[in-house]
Every structure is written in structure tokens, then in C-alpha cells.
Number of protein chains: 2
Amino acid sequence: MSTKAGGALTPDLDAAARPYAGASVLITGGLGFIGSSLALPLARAGAEVTLVDAMIPGYGGNLFNIEPVRGRVRVNFCDVRDPHAMAHLVQGQDFIFHCAAQVCHIMSLSDPFPDIDINIKGTAVLLEACKKANRRARIGKLGTRGQYGPSVKLPMSEDDPTNPKGIYEISLLAAEKIVKVYNDVHGIPATLFRLTNIYGPRAQMRHSRFGVANWFVRLAIDDETIQVFGDGLIKRDFVYIDDCVAAILQASSAETTVGEILNVGDDRPSCFRELADAVIRVCGTGRWEFAPFTPERAAQEPGDFYSDISRIRRLAGWEPRTSLDEGLRRTVEFYRAHRAAYWGTPE
Amino acid sequence: MSTKAGGALTPDLDAAARPYAGASVLITGGLGFIGSSLALPLARAGAEVTLVDAMIPGYGGNLFNIEPVRGRVRVNFCDVRDPHAMAHLVQGQDFIFHCAAQVCHIMSLSDPFPDIDINIKGTAVLLEACKKANRRARIGKLGTRGQYGPSVKLPMSEDDPTNPKGIYEISLLAAEKIVKVYNDVHGIPATLFRLTNIYGPRAQMRHSRFGVANWFVRLAIDDETIQVFGDGLIKRDFVYIDDCVAAILQASSAETTVGEILNVGDDRPSCFRELADAVIRVCGTGRWEFAPFTPERAAQEPGDFYSDISRIRRLAGWEPRTSLDEGLRRTVEFYRAHRAAYWGTPE
């Protein structure tokens, strides 16, 4: 842990990445939000990092994300569904972080096939590649708190029921269970992460379908109006990207977490009004207003959600360190500095 | 209910099919074990039955299964993954029983892709077809008790955790959840069945990978030796096909079961030794011996399982009627009479 100039605690990513020095690390979706955010501290720590990205238009892949470590990581453009490329790429890897996914839950309701194909079949392609070519690679598989569906209690823990309300969430739940089978039956060591709402630098910011907190930031930076659905009192746990990266790195270098499902969230939630207030306060621009739910959104809205993080706290010593204000401050600073690389319209 | 000559209670399939008189019914996997067994009473009751089957080699499709109603049902050879054929076929249907699936859990561990493609994507193709062309069709979706994985208590009820141990079971769990989303979000009324070990006439009998009870019957009819794994004391609930058909027909014609997951099983289990003893007693031929688990089988063996059937009993008034001895008697009688149509080697 390090104390920021502003007094806020932030995670020490260099310490979290240290166990990976000299290790070979493959990251699928490696040019996306979380994949690239993992790549940065890993490359700085001296890991041999290979990033796989399919660069599907509208998804998160963005070469600008890895500018700080360009030349120190290897970029391999291909799709995780490509069995021959993956069978080659997994060879010799010590760690594989599987971040590639279709991640929009609204899109999945009008067209379920990319989710099934990329998220489920793509995961099976990767794990079959490991089964055939490298069973000793340690897998970190990203999933979503959406896999739970509506909370049956708060906070939600990893053993609570999973009744997801969209195809996207179902696809990541199925993918998680597939990886668990390869862990249990084929002995490929894996940790299964269920991420809550992650926000921060390096996300896809061109459309509103990934990540509500980042979208609020874009609107405020552009001095536009944020729409807060319903009464704005629905609770969520928002986690800053660096905390998410620390969680994945700390847990995936621990022996205690093999075969475990781990929530990556925060047991101190905020409501959407608080989020909107904080974004506007930090930005100094923008405003927010109430808006009614669309019927599709209402049918899928799981209500209050926040995560029980006692398991990852116990097994990997992780908990989120960055306050919402500090995380938003860094997020706004990043996108103000690099706006052209993310939404590219004139300032 | 009717009392058999032998005194055993059996389900009254004509009564269960009566609500379907004059209705249009589509059955995917319609030439397979359960699909064809649904088709028979439905056709007799005067439903307009269309059977879809892909006739994939090694799967359950067998034209002999529908001999008794040939000419009274329409057979359409196609794959459920064919979006254009399915969009056409779902039009005007009042009921759709979705039985098509890859159903071998051992196969899924060496090659996960047919399960993902047929069971998950195929289900999404069917439901997308309904969403576009017929949202009023009532769906009956077949799943498996394997979706639970190891029992956390006995009997297992529909709200218990689902931690399946194979890709096949994961694929059917994902498919069930997909159908539930189309029920909840798109208003396509569906009932989700989780079937336990179903046995009886019209199954695929050429290889041992579907349905242990039927395989025991084949071995005994051929005067061969049945292998009982482990100590033979693992408990399962075996349900005779006519009871399974009655469950699906009764529940799918009730309004109370829309959106519900329903176990189709028996809360009075038998162990594998009892099954083997009963098969040999009923057949009068064959014998059984203990055999060690293979490592793959051991890794997947979920242990004792039987179903809490209080929900389907309450909502649809169903419970199994056929004793193991009576079900096996009818099974043996059927396959002895029609052996050539099922495993085709000389008697």
C-alpha cells in the first residue's frame, strides 16, 4: 500500500506484480480495459507479456492502452476462438489471464450469438488448448457480478444462487463453470473472478454499453447531462481499476485460491445518485437528471447489489483501497489528458 | 391413472395428452428417446405434431421410434442450429418441446464443442426464432439433474446450488437459463424440466454412453455381464419413460408452471446394485459384477442423487407411478420384441 499525495490509499501494483517477474504471461483481451491494465504492472515487473486481442469493432481493444509499455510487450492479433493460434500461444505460459469477452448485456438480448460464441466457445477453445499443450499454466478467468442476477441477500457471497437475467451474464457463468471443470477434472489450476462495476482509465468510452461509471465520467467531461434511471437509489459497489488489477494479481499468485470463485467488489456500496454527484463534483462540469427505465432495462435490472469480499480478503489479503472520489479523480485526469484516444471527437 | 393387468399403477398418457387435441406441437429431437415418446400420445390425442431431428450419427434419432404413428406426424429433418428452418418451423405452433441435445457427459469431456454448439447455441437459435416469429408458443425445455452436480442435500430441490461437473451438464444449465431469460424478458412462456435417469423403450441402445438403466437392460438381454462401478451403493432415482412423458405433458398444459424449473424424478431412490438385481431378475438372463471407477468417471461422479419432486407434485399434480420392476418389465419386453431396430446385431 502507498499513501497518495492527496492522502488517499491506493494499491501498490508494483508489489502485486513482483511475483510475476520473469514469468511468461498471456492475456486474452489484452488490449482491452482490464487486460491492458494488467499488462502495465506486469511488464514493469519484468514479466514476459503476450497480449492477444481480436480488435472486434465496438469492443474494448485499443493500442493506446499499452502506450506506456509498447515495445516491452508482445501483441498478437487473433481471436480466442481460433484453436490453432491459441494452441500455439498457450505453450510455455506460466499464467493466462482470460479477459476476452463480449461484455454488453443489452446487446446480448437482441443478439445472443456473440456471447455464446466468444464467451462460452472461446473459453472452451482456450481451455482445450491448455489441456492439449500446457496443463500447468495458472488461469485467471474474469467474470461478472451479473452472474448472480438479483441479490437474495446483501452483500452477495460466492455461494449464493446464480440466476442471471441476461444472455451475457449466462455466457460468463457458463464460461466460469467450464474453467472450473478443467480445473477439477483436468488439473489446470484456475481462479474464477466475479468483478463488480469496475471503472477507470483504459476503458472503451465510445458508446454507453460498457460500464456506467465511466460513461458518467465521459458525459461530465463533455459537460453533458447524466441520466440516472429510476430513483437513483439502487446500490452498487464501484471498484477502481487499480484495485481490480491488484485483486487479480494478488489472488493469481497465491496457492490458496486455486479452484476458487472470488468476488472482486466492495462491501461499502454507493447509490447511482451518489455516483453522479461524485462524478460532477470531481469533474467540475456536467449535470445529472432522473430518467425512467426502458422496459428492457427494467426487465434486466437486478436491483441493489454489492459484494461480500470476505473470501478474497481471507485467501489473498486483498481489499479495495481507492475511494470513489480518488478513483474518479484519476479517471477524469486520465481521460481529460487522453480524450482523443478514447472518444476522439473534438474537445 | 389406470391399473395394469399385473396390478401396477402406470400413468394415463391419453389423459395427459388430451389438452393437446387439435393443438400444433413441434418437438425438437423428435425422433429421439423422449421426443418420440412425447409424439406418440400427442398424435393419438389428435395433436398436429411436427418432429424435427438432425439424425446425427450416434445420437438418439431413430425412425422406428415413431412406427406406431407414422403417417400421423410430420417429420422434418433439420438441425436446431439452422436459424432459417427453425424460424419457419416455429410459426403457428402452440407448444414446442425442445428435446434435441448432445446428451453424453463422457463425450463432452474430450470434446466440449458439440455441447456448446448444439445445446447452448441451438437453444438460442430456437428461442430467437420464437422471439421473431412466434412469442405465444408454450415451450417445454428438457434438462438434466446433472445440472446440480454433487448433491448438497437429499433429495435435491430446484433452488439448490448448481455446480455441474461436466461440459454437457453446464451446457444444459446454460440452455435452461437462456430459455428462462426469454420467458422473463421476452414473454415466451416456458417450463424448464430437469430430468433424472429416464429409462424405457425408444432410447439409443447402440452404445453405453446414454442412460445406464437401459444399458444394463441391453447387456442382460444379450446375456452379458453388467459392470457396477464402485461399491454399487450410490443412489439414483430412475424414472420410467411413460412417467417422464406424463410429467412433461401435464406440466406443460398447466398455467401454474410457466417460468418454473421442475424436477422430474423420484424421491424414492434405488442403488445401482438394486438396479442391476432388478434388471437381471426381470430379464432372466445376464449377470453383474463390481468394477473400479475409471479416473475420468470418478472425477465426474456426483455421488448419491435423488430428486425433491414436491414442486411438480404441487403445481402439476404429477408423481411417478411405475415401479422399477414394472418399468423394467415393459422395457425388456419392448427391446426383446424390437431388438433389431435398436442394436441390430443378431439375436
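Residues numbered from 1 in each chain as written. Chains lettered and ligands numbered in written order. Predicted model: local features only at pLDDT ≥ 70, side-chain atom pairs only at ≥ 80, totals over all residues.

How do you make sense of the sheet that holds strand 7 (residues 138-144) of chain B when you look at a structure like this?
Residues and elements named next belong to chain B. The 7 strands are arranged 5-4-3-6-7-8-13 in an open sheet whose pairing can be described as parallel. At either margin of the open sheet sits one strand with a lone partner, and together these are strand 5 (74-77) and strand 13 (261-264). The average undirected angle you get between the axes of adjacent strands in this sheet is 20 degrees. Sheet analysis places strand 3 (residues 24-28) next to strand 4 (residues 48-53), joined by 5 bridges and oriented parallel. Residue Val-25 lies in a different strand from strand 4, and its bridge partner there is Val-49. (Pairing = 2+ DSSP bridges. Helix = DSSP H or I, 4+ residues; strand = E, 2+ residues; numbered from the N terminus. Axes fitted to C-alpha atoms, helices over the stretch in contact; angles between N-to-C directions.)

Before we go on, may I ask you to explain the relation of the copies chain A and chain B in this structure?
Both copies of the chain are related through a single rotation about an axis accompanied by a shift along the same axis. Structural alignment of chain A on chain B gives an RMSD of 0.0 Å, achieved by rotating through 180 degrees and translating 0.0 Å along the axis. Accordingly, the operation relating the two chain copies is best matched by a two-fold axis. Both copies contact each other with a shared surface, as 100% of the interface residues of chain A are interface residues in chain B too. (Least-squares fit on C-alpha atoms with pLDDT ≥ 70 in both. Contact = placed C-beta atoms within 7 Å.)

Is there a simple way to explain unusual backbone geometry in this structure?
Across the chain, the bulk of peptide bonds are trans and the bulk of non-glycine residues have phi less than zero. Residue and element names in this part refer to chain A. In the segment running from Leu-154 into Pro-155, the intervening peptide bond is cis, with an omega of -10 degrees. For Pro-155, the position within the fold is in the loop between strand 7 (138-144) and helix 6 (167-186). Even without being a glycine, Asp-223 presents a positive backbone phi close to 55 degrees. Inspection of the secondary structure assignment puts Asp-223 in the loop between helix 7 (212-221) and strand 10 (225-229).

Sorry, what's going on with helix 12 (residues 324-337) of chain A here?
The periodicity of an α-helix, 3.6 residues per turn, causes residues three or four positions apart to be oriented the same way. Helix length check: helix 12 of chain A, at 14 residues, gives a terminal C-alpha distance of 20 Å against a target of 20 Å (1.5 Å per residue), a fit within 8%. When we look at burial in helix 12 of chain A, the residues that qualify are Leu324(A), Gly327(A), Leu328(A), Arg330(A), Thr331(A), Val332(A) and Tyr335(A). (Expected span 1.5 Å × (residues − 1). Buried ≥ 20, exposed ≤ 12 C-beta atoms within 10 Å, placed from the backbone.)

Teacher, can you tell me more about the pairing of strand 7 of chain B here?
Taken residue by residue, a regular strand's side chains alternate between the two faces of the sheet. All names here are of chain B. The element strand 7 is largely enclosed, with a buried count of 7 among its 7 residues. Side chains Arg-138, Gly-140, Leu-142 and Thr-144 of strand 7 all project onto a buried face; the interleaved residues Ile-139, Lys-141 and Gly-143 project onto the opposite face, where all are buried too. Two strands pair when backbone bridges link them, and strand 7 and strand 8 (residues 190-195) are joined in this way by 6 bridges, in the parallel orientation. Bridging across to strand 8, Thr-144 finds its partner in Leu-195. On the question of chirality, the crossover connecting strand 7 to the parallel strand 8 by way of helix 6 (residues 167-186) is right-handed. (Right-handed = clockwise from strand over helix to strand, strands pointing away.)

Would you mind going over the interface of chain A and chain B with me for this structure?
Quoted interface sizes are often the accessible area lost when the parts come together. Taken residue by residue, the interface counts 23 residues in chain A and 23 residues in chain B. Counting residues per element, the ones that place at least two in the side of chain A that touches chain B are helix 5 (113-133), helix 6 and helix 10 (295-300) of chain A. Residues that form the side of chain A that touches chain B fall into these classes: 15 nonpolar, 2 polar and 6 charged. (Nonpolar A, V, L, I, M, F, W, Y, C, P; charged D, E, K, R; others polar.)

Help me out: how do you make sense of the environment of Glu255(A) in this one?
Mapped onto the elements of the fold, Glu255(A) is located in the loop between helix 8 (241-252) and strand 13 (261-264). For the pair Glu255(A) and Pro189(A), spaced 66 residues apart in sequence, the C-alpha to C-alpha distance is 9.4 Å.

Just to check I follow, could you spell out the pairing of strand 8 (residues 190-195) of chain A for this structure?
Residues and elements named next belong to chain A. Across the 6 residues that make up strand 8, a large majority, 6, are buried. Because side chains alternate across strand 8, one face comprises the buried residues Ala-190, Leu-192 and Arg-194, and the other comprises Thr-191, Phe-193 and Leu-195, equally buried. Bridge count between strand 8 and strand 13: 4 bridges; the pairing is parallel. Considered in strand 13, the bridge of Leu-195 is made with Val-264.

Explanation requested: the environment of Pro68(A) in the structure shown.
Summarising the element assignment, Pro68(A) is placed in the loop between strand 4 (48-53) and strand 5 (74-77). For Pro68(A), a count of 12 C-beta atoms within 10 Å gives the class exposed.

Teacher, can you tell me more about the packing of helix 5 of chain A against helix 6 of chain A here?
Any two packed helices are characterised by the angle at which their axes cross and by the distance between the axes. All names here are of chain A. Running from N to C, helix 5 and helix 6 cross one another at 15 degrees; their axes reach a closest spacing of 8 Å. When the interaxial angle is binned, helix 5 and helix 6 end up roughly parallel. Relative to helix 6, the crossing made by helix 5 is right-handed. Residues Asp-115, Ile-116, Asn-119, Ile-120, Thr-123, Ala-124, Leu-127, Cys-130 and Lys-131 of helix 5 form the contact with helix 6, whose own contacting residues are Ile-167, Tyr-168, Ser-171, Leu-172, Ala-174, Ala-175, Ile-178, Val-179, Tyr-182 and His-186. Across the contact of helix 5 with helix 6, the residue classes tally to 13 nonpolar, 4 polar and 2 charged. (Parallel < 35°, antiparallel > 145°, perpendicular 65-115°, else oblique. Left-handed = near helix turned anticlockwise from the far one by under 90°.)

Quick question: what am I supposed to make of helix 9 (residues 272-283) of chain A here?
All names here are of chain A. Across its 12 residues, helix 9 extends 16 Å between first and last C-alpha, which sits within 8% of the 16 Å expected from 1.5 Å per residue. Burial in helix 9 covers these residues: Phe-272, Leu-275, Ala-276, Ala-278, Val-279, Val-282 and Cys-283. On an axial view of helix 9, the arc spanned by its buried residues comes to 165 degrees, and they lie on one face. Tucked inside the fold, the buried residues of helix 9 contact helix 7, strand 10, strand 12 (238-240), strand 14 (270-271), strand 15 (287-291) and helix 12. One or two positions beyond helix 9, positive phi appears at Gly-284, with a value near 75 degrees. (Arc of directions from axis to C-beta.)

It is not clear to me how the sheet that holds strand 4 of chain A should be interpreted in this structure. Could you clarify?
The strands making up a sheet associate through hydrogen bonds between their backbones, and the pairing can be parallel or antiparallel. Residues and elements named next belong to chain A. Taken in spatial order, the 7 strands line up as 5-4-3-6-7-8-13 in an open sheet, and their pairing is parallel. The sheet terminates laterally at strand 5 and strand 13, the two strands that pair on one side only. Strand after strand, the sheet turns through a mean of 20 degrees between neighbouring axes, direction not considered. Examined bridge by bridge, strand 6 (residues 95-98) and strand 7 share 4 bridges and lie parallel to one another. Pairing of His-98 across the sheet is with Lys-141, part of strand 7.

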